[in-house]
Amino acid sequence: MEQGQNVVPLNLLIDYLVQKTYHDLIVLSELLPRKSDTERKTSIYQFSNRTQLQFIRLLALVKWACKASRVDKCTEIIMFLDKQSALFVETADNLFNISKERLKNASFPVYGLPTAVDVLMTGTYSRLPLCIKDKIIPSLTLSDKERSDTLTKLTSLIEQRLVLSKIPIKYKTVEIGHGFVTLTVPHEFSVRLTVPNDDFKNPWRLLSFDVLVQKPKDDDPRPVVHLQQKEYLTELLQSRLFDPDQEPLENLCIVAHQFCLLLQLEILYQQALKMTNAPWKNNRIQVIEHIPGNRLSIRYWNGVMNLATPAAILVIYLPDGDPLDSLKLDHRPDICKIPNRDTVKLDLSRLSMDNLLMDTIEHRSYELLAKVRDRLALEKDVEIIALSCDELVTMLQGRIKLKFFVDHFTGFIICSCNFSIVLGEITKAVNDNSPLSEALNKIRMRVDLILIKNALLIHQIRHHLVPFTLHNQVTSELLSSVTAALYIRFKSNADYCLAVDLQNRKLRYLLLKLEPLINTPDNKHTVINRITACTEVKDISVFSIIDIDTMTPIDVIMKMERAILYINLEQEWKKKGQKCLGIIPQGGNWCLKLLNLPTNHPVLKQLLMDLTVHVHCVSPPVIKYSLVFDTNHKMLPSNTCGVVQTLYSNSLKLVVENFSQKWKEIHFLFTLLYNFQSLKNTSLGRIKLYNFHSIVLTYTVDNVEFECFINLRQTKYRLVFYQSRGGRPNPHCLVREHLEHELGTHQSIFKLLYTLQRTAHLCSISYRLPKVSYWGLDKASSLCRSLWTCFPHSANTFRLLYRNCLALDITCYQEDEYCVRDAAAAPTSRGSKFSPVKLLGKMLETIAKKVDGATVEVLVTTAFSTDQGAKYPGASPQPATPSFSAPAGQGSVPTPQNQPNTPGYPGTPVYNQQPNTPGYHNPSPASKPQPSPQNPGTFVQPAPSPMGAPSPAVISSLMSPQTPQYMPPSPAAVPSPSGYMQQPSPSGAQHLLGSPNYRAPNSGQSAAPGYGVNPSPTNSAKPAPRTPHRPNTSLFVNRTMLETLLSNSYNPFTSDNINILPDKRRCSVLENMLSACLLKRYIASLIPDKIRSLTIRSNELMATSLHHETCFYRFSIDANNFQFLSLSVTPTKDGFWNKSMIDTLVVYFAEKIAVNPFKYNALLSFLRILGAQKDILQQFINIMSFELKPDPRFKWRMSWLLLVPPTVQSTNNLLQPGITGALFSSNKILFFIRLDHVSRPHDPVTIPMVYEITSGTTKRADLMPNDYMAQRIQQRFRQATNLIMEQGGQPGPSSICTCIMELLQNLDPSVPVGP
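Residues numbered from 1 in each chain as written. Predicted model: local features only at pLDDT ≥ 70, side-chain atom pairs only at ≥ 80, totals over all residues. Heavy atoms only, no water.

K.L.:
How would you explain the packing of helix α16 (residues 736-746) against helix α17 (residues 749-767) if you had to name every residue and give the values?
P.N.:
Interaxial distance between α16 and α17 falls to 9 Å at its minimum, and their mutual angle equals 150°. Crossing of α16 against α17: the hand is right-handed. For the pair formed by α16 and α17, the contact residues are Leu739, Glu742, Leu743 and His746 on the first element and Lys751, Leu752, Thr755 and Leu756 on the second. Its residues assigned to classes, the contact of α16 with α17 comprises four nonpolar, two polar and two charged. (Axes fitted to C-alpha atoms, helices over the stretch in contact; angles between N-to-C directions. Helix = DSSP H or I, 4+ residues; strand = E, 2+ residues; numbered from the N terminus. Left-handed = near helix turned anticlockwise from the far one by under 90°. Contact = heavy atoms within 4.5 Å. Nonpolar A, V, L, I, M, F, W, Y, C, P; charged D, E, K, R; others polar.)

Here is the structure:
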């Protein structure tokens, strides 16, 4: 071929390479998914390497075609020759065409036989021209080793060339590598050079030129040099490299450096123009001269010059001598150098006119402040603290701190002070170069004037600092010479004012007695007063021993306000008739001494040794009273604390009243202690600690020591019960409010300890009642509720509620005798809320026969007798306590009977006479009803006890409608089953106190032993209506019987493995009996309202019988122990029931339904199954057998859920969790099962199942998420239905068990629950 035909256009070559790369990439993307990970990585690497080499060659070809001038000339010659050759060829072709085509039309062309043979024989065509290979197939590239050797040799040539060349010192870094050298001038430019060959005569080849001049980041984001400018500079610099005799590297550096200097100067000029606007507006900065490429002059602080600040100009210019020198700065006038700091320099790393100007201004500011420092050093009492470019700090008189700093925008010197004073004179003086002495003197005077105010604020004393208009109506020589600058009015006492005289800078204090004269409504801050008295502070008696001249103003003010409080406090005590010794100095302060306090207790008056009053705090006023008692008296415990200190914060009048009330409380508490100590009896307890405002009692219950804290609050006793040292809780905390009421009534520690000992066992048993909450106990509630609720009616009477349906009232008569009553027989309207417990007496008799030492006494009376002389006696409201005689050798010791009811203090306050919560009174052991030997139905009055027994009329009032012992609390006060102990609300207590059936005893007269014996006038005018008679049973038991009845630690009727709940709690005897009775009552109430297919055959006290079409169901309570409700089945039709079915049903009822605590809705589900058709009933009995006796072949363990589980997803919340889990309709039955597997102990599977009666099929209900497990379950259900059809059967109730067995045997446990 000719040379012209071997030329390929560049655009065609680029297009071909791009198309080939794209085609290879498409093929690679289709082949990669079929390969392994290693093969994919290998293919990607090979493709990337191959493509990179091709594009590198293309890049080299493009650069070579653009840069080689000789190639361009050769290309033009070749193109001319090609054109000439094409003309010759075209001429020859035309001649050949004429000779071959036009002249010889009949001739045939030569056939391509070799090509045809190849196609027919091999199926391919391989005889292409060789020119195609040269044009398409790329030539071989250099290997990595060859490339590395070439670059190494080229680097060596560059190093030799640099050694022989002169390198300017301006180049800070010279880097050689990869076949080129990089020369860099920091912050100006960087060039990259190489050599074309090993001939040193050839010039350097410039590869790249980069400008390194940078602007601040917040400046114009556009590039510093345009692309076309950069190309022009590159050509210019390349031209400077052609002459090797003229030091090309130095010429290159000079040209590039000069360009960068011009560029830097232009950038600074543009920034200066922007700074003429904000914040340097108003001609504060001005560009006065700009010669492009030569200099830039800027004037700052323009137009605001003062006498202390000269004109300031900053000049930036290019040097004239050395062409490689940088920009220079010139300051007019010259600036001084700041110590330990460099002079002003132009930062080339960030060309910022703002930074350059601020650095210059800081040096200027330091120069101005240094001049001010030299002037201040000549003044007196001035100390130079610090000097910097930012501020000058000085100290005047050791307390006035003055700071001087220069405004960077105006050059004006500004002064500041640590006091809020006017500084106009000193500011004007330092800027005008005028004398500073007069200005400093004014500062001293102003600071002296406000020093008192600042001191008050520092010490956080809140006084009213307001201007006064004073009208002098008292002739006084002191007031006539007063030129006071400040009047201070005390917040604690506005009747006094302290005048501070500052004449001749000497302080003098005057105390003024003020009286308001006029209040101006138009100006609320101005108060006109007049002076009624004027006294110099040093002449006041309390200040006679204090040297005021040596005190600071704040100390004088604080002392003065404290002294005024002492004076007013002494006047308040004198108004109450209290004798005082006066205000006495004590320890650098004062105190007020009182002689005595009102009391008629001789021992307490004898013990009081000292009473001192201190002003603990002034604003707000806090008064501290300190009482010191003699602790060596025989009636006081050995560890008695004899110092009592109390703080009061209020007006002085209220402080006196509050302390008087506190003294009454001390008096009452000491009387309580003295009466107990007089008994000299510690069998019930002892006083552990006494400190005149509280008592700590210690008493022992069952070898466990408890503590009781007693104090008074507003003349009402308050008790706090602490746990034992071993951490055992004190059970008396349940009846704390009742004990407080009783203590306020009888005021005897001995009676309190006796009540604590007597009721300890009852409180302990009530406290130990189980507090565990269970889910699903109620009829229509999904909340967790407790089984037991304890409600104390009095200190010795509790009402125990079981599931808010059954209730028992337990009263403690003495330590080993208790009365148990059924709350349903209570003579109140609230008693009808509870169901009667009719088997309680029989069960107690059974326990008495079973347990040694357990006794019971049954008394049956009429609860609603209106006859006051009825045959049902009552009990005394106060507990009887044994009497004690006086010890030998001593006089009469007051007993709990003859000790005074109230302390002998004038004006004794009335105690809380009503109990904190309504309920039973405190019966005594002597008031227990006794049966008559002649008539068991009537009762005789026992003989009076030594402590004084109640009268027959009071005894007969126990069951009277007017007595409150069976009075129920208000609806707001009834405890809910969700809480173990709930106190009544105040509204409920007020309702009971205001009812006509309640009358509180009066402490001022001899109170009747019972509540409400004398009816109120309202009751006499409108008597209460009579209610029908109901029998009331009182069961008197001893401690052993009560412990057996309520304790869950021992059950005489059950073995160790029976009646233990899932929470590992054993049920008590009473809980089992109440559960069985309530379960039997629910069964009778559900038939036939809820289940119409069952009818009640008989409903007796111990058993309930139901009738079904196939049998009789009998639910009976075991008459031997009353602990269980059992089920028995009596078939009425032969062929349906067998022994296995009956046993399964009986066992399931005993273990799943009748177990305590039973669930109401679970019972309803079970009864619905019992009332179902016999074929459906048979299927559910089989389900029960699957749960009770699982087959070893089953993979899963099944449980029938009698309640709707919480995991059910019901639309519109129709199925709430906790309701009955067996739902029957006309054609469907819905129930729930749960599957458990050992491999997933915390992930059970809950399955809602629906049996369609019309079609006889069993399906999964749409009440669970449609996840993988739900789909597998539905698949197993279809397989079970198909299996029934394949065996020739018809769908029916048998499909229920068939589907469940299919799940138990074949459901895969590894299927996850969830999407």
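K.L.:
Describe the pairing of strand β30 (residues 797-802), naming the residues involved and giving the relevant values.
P.N.:
Burial analysis of β30 places six of its six residues in the buried class, which makes it a mostly covered element. Residues Thr797, Arg799 and Leu801 line one face of β30 and the alternating positions Phe798, Leu800 and Tyr802 line the opposite face, and both faces are buried. Here six bridges tie strand β29 (residues 788-794) to β30, and the two strands are oriented antiparallel to one another. Looking at the pairing, Pro792 lines up with Phe798 of β30. Taking the residues between adjacent antiparallel strands as the criterion, β29 and β30 are bridged by two residues. Examined bridge by bridge, β30 and strand β31 (residues 806-814) share six bridges and lie antiparallel to one another. (Buried < 20%, exposed > 50% of the residue type's maximum accessible area, 1.4 Å probe, protein only. Pairing = 2+ DSSP bridges.)

K.L.:
Can you tell me about a nonpolar patch on the surface, naming the residues and giving the values?
P.N.:
A grouping of Tyr16, Val119, Tyr125, Leu128, Ile132, Ile136 and Ile137 is seen on the molecular surface, where their side chains present a nonpolar patch of about 620 Å² in accessible area. As for its placement among the helices and strands, Leu128 is situated in the loop between α4 (113-122) and α5 (130-136). (Patch = residues over 30% accessible without salt bridge, like charges linked within 9 Å, V, L, I, M, F, W, Y side chains within 5 Å. Areas by Shrake-Rupley, 256 points an atom, 1.4 Å probe, with all protein chains shown as cover. Salt bridge = Lys/Arg side-chain N within 4 Å of Asp/Glu carboxyl O.)

K.L.:
Explain the sheet that holds strand β37 (residues 1095-1099) to me, using residue names and the numbers behind them.
P.N.:
Read across the sheet, four strands follow the order β37-β38-β39-β40 without closing on themselves; strand pairing throughout is antiparallel. Edge positions in the open sheet fall to β37 and β40 (1125-1131), since each of these has one partner strand only. Taken pair by pair, the neighbouring strands of this sheet meet at an average axis angle of 20°, ignoring direction. Across seven bridges, the pairing between strand β39 (residues 1111-1117) and β40 is antiparallel. Opposite Ser1116, over in β40, you have Ser1126 as the bridge partner.

K.L.:
Can you break down the pattern of salt bridges residue by residue, with the values?
P.N.:
Overall, the coordinates contain 29 salt bridges when judged by the stated rule. The residue Asp24 makes a salt bridge to Lys20 at a minimum N-O spacing of 3.3 Å. In this pair, Asp24 and Lys20 are both assigned in helix α1 (residues 10-31), four residues apart and thus about one turn of the helix distant. Note that Glu737 is salt-bridged to Arg736, the shortest N-O span being 3.9 Å. The exposure class of Glu737 is partly exposed, given its relative accessible area of 22%. Within the structure, one salt-bridge network assembled from shared partners comprises Asp37, Arg40 and Lys41.

K.L.:
Give me the lowdown on the packing of helix α25 (residues 1160-1170) against helix α26 (residues 1174-1188), citing residues and values where you can.
P.N.:
Taken N-terminus to C-terminus, the directions of α25 and α26 make an angle of 130°; their axes are 9 Å apart at the nearest point. In terms of axis orientation, α25 runs oblique to α26. Residues Phe1166, Ile1169 and Leu1170 of α25 form the contact with α26, whose own contacting residues are Leu1177, Phe1180 and Met1184. When its residues are assigned to classes, the contact of α25 with α26 shows six nonpolar, no polar and no charged. (Parallel < 35°, antiparallel > 145°, perpendicular 65-115°, else oblique.)

K.L.:
Requested: an account of the sheet that holds strand β8 (residues 328-332), with residues and values cited.
P.N.:
Picture the strands of a sheet paired through backbone hydrogen bonds; they go either parallel or antiparallel. Strand order in the open sheet formed by four strands is β5-β6-β7-β8, with antiparallel pairing between adjacent strands. If you trace the sheet from one side to the other, it starts and ends with β5 (285-291) and β8, each paired once. Sheet twist, expressed as the mean angle between neighbouring strand axes with direction ignored, is 15°. Relative to strand β6 (residues 295-300), β5 is paired through six bridges, and the arrangement is antiparallel. Looking across to β6, one finds that His290 is bridged to Leu296. Across the sheet, helix α8 (residues 248-275) touches β5, β6 and β7 (312-317), and the angle it forms with β5 is around 150°. Along the sheet, helix α9 (residues 353-376) contacts β5, β6, β7 and β8; its crossing angle with β7, the most-contacted strand, is approximately 135°.

K.L.:
Residue-level account of the confidence of the model for the chain, with values.
P.N.:
Here the chain averages 77 in pLDDT, while 77% of its residues score no lower than 70. When pLDDT is averaged over each element of the chain, β39 comes out on top at 94 and strand β35 (residues 939-940) at the bottom at 29. A low-confidence stretch, residues 461-467 (pLDDT under 50), is modelled with 21 contacts involving residues beyond four sequence positions or located in other chains. Here residues 863-1029 is a poorly scored stretch, pLDDT under 50, and it has 326 contacts once near neighbours within four places are set aside; other chains count. (pLDDT = per-residue confidence, 0-100.)

K.L.:
I'd like a rundown of the side chain of Glu1252, residues and numbers included.
P.N.:
Along the chain, Glu1252 falls in strand β44 (residues 1240-1252). When its relative accessible area of 18% is taken as the criterion, Glu1252 is described as buried. Reaching out from Glu1252, the side chain makes a polar contact with the side chain of Ser1255 at a distance of 2.9 Å. Among all residues touching Glu1252, those that are not within four sequence positions of it are Asn1227, Lys1228, Thr1257 and Lys1259. (Polar contact = N/O pair within 3.5 Å; in protein donor to acceptor, adjacent residues only side chain to side chain.)

K.L.:
Help me get a handle on the side chain of Ser1199, residues and values and all.
P.N.:
Within the element layout of this structure, Ser1199 appears in strand β41 (residues 1197-1201). By relative accessible area, which is 15% here, Ser1199 ends up buried. The residues contacting Ser1199, other than those within four sequence positions of it, are Glu1187, Phe1232, Ile1233, Arg1234 and Asp1236.

K.L.:
Describe unusual backbone geometry, and please don't skip the residues or the numbers.
P.N.:
Note the cis peptide between Ile1087 and Pro1088, where omega equals -5°. Along the chain, Pro1088 falls in the loop between α23 (1069-1086) and β37. In this structure, Pro1157 follows Asn1156 across a cis peptide bond, with omega equal to 0°. Not every positive phi belongs to a glycine, and Arg803 is a case in point at roughly 55°. Relative to the helices and strands, Arg803 is located in the loop between β30 and β31.

K.L.:
Help me get a handle on the packing of aromatic side chains, residues and values and all.
P.N.:
Applying the stated criterion across every chain, the model contains 26 aromatic pairs. On the basis of an interplanar angle of 35° and a centroid distance of 6.2 Å, the ring pair of Phe189 and Phe209 is categorised as tilted. Of this pair, Phe189 sits in strand β3 (residues 189-194) while Phe209 sits in strand β4 (residues 205-211); the two residues are 20 residues apart in sequence, bridging distant segments of the chain. Ring geometry for Tyr1148 against Trp1200: centres 5.8 Å apart, planes inclined by 25°, an arrangement best described as stacked. Here Trp1200 lies in strand β41 and Tyr1148 lies in helix α24 (residues 1139-1153), a separation of 52 residues in the sequence. On the basis of relative accessible area, Tyr1148 is assigned to the buried category, the value being 1%. (Phe/Tyr/Trp six-rings, centres within 6.5 Å; stacked < 30°, edge-to-face > 60°.)

K.L.:
Residue-level account of the environment of Arg686, with values.
P.N.:
Locating Arg686 in the fold gives a position in strand β23 (residues 686-690). For the pair Arg686 and Thr700, spaced 14 residues apart in sequence, the C-alpha separation works out to 9.7 Å. What Arg686 contacts, discounting residues up to four positions off in sequence, is Val696, Leu697, Thr698 and Glu705.

K.L.:
Hey, could you go over the nonpolar core for me, with residue numbers and the actual values?
P.N.:
Core analysis: the largest hydrophobic core is formed by 195 residues, its most contacted members being Tyr625, Tyr1113 and Trp1137. Ranked by residue count, the leading element in this core is helix α15 (residues 652-679), at 13 residues. Beyond its immediate sequence surroundings of up to four residues, Tyr625 is in contact with Leu569, Trp573, Leu611, Thr612, Val613, Val644, Gln645, Thr646, Tyr648, Val655, Val656 and Phe659. Counting residues in each nonpolar core, the second largest holds 79 residues, with Leu237, Leu252, Leu263 and Val382 among its members. (Core = buried A, V, L, I, M, F, W, Y, C linked by side-chain atoms within 4.5 Å.)

K.L.:
Could you give me a rundown of the environment of Phe1136, with the residues and numbers involved?
P.N.:
Relative to the helices and strands, Phe1136 resides in the loop between β40 and α24. Separated by 25 residues in the primary sequence, Phe1136 and Cys1111 place their C-alpha atoms 9.6 Å from one another. In contact with Phe1136, other than residues within four places in its own chain, are Thr1110, Met1141, Lys1174, Leu1177 and Gln1178.

K.L.:
Help me get a handle on α24, residues and values and all.
P.N.:
Look at α24: 20 Å from first C-alpha to last across 15 residues, which is about the 21 Å you get at 1.5 Å a residue. Among the residues of α24, Met1141, Ile1142, Thr1144, Leu1145, Tyr1148, Phe1149 and Ile1153 are the ones counted as buried. All buried residues of α24 lie within an arc of 160° about the axis, which places them on one face of the element. Its buried side turned inward, α24 meets α23, β39, β40, α25, α26 and β41. At the N-terminal end of α24, a side-chain oxygen is found 3.3 Å from the backbone nitrogen of Ser1140, two or three residues along, and the residue is Asn1138. (Expected span 1.5 Å × (residues − 1). Arc of directions from axis to C-beta.)

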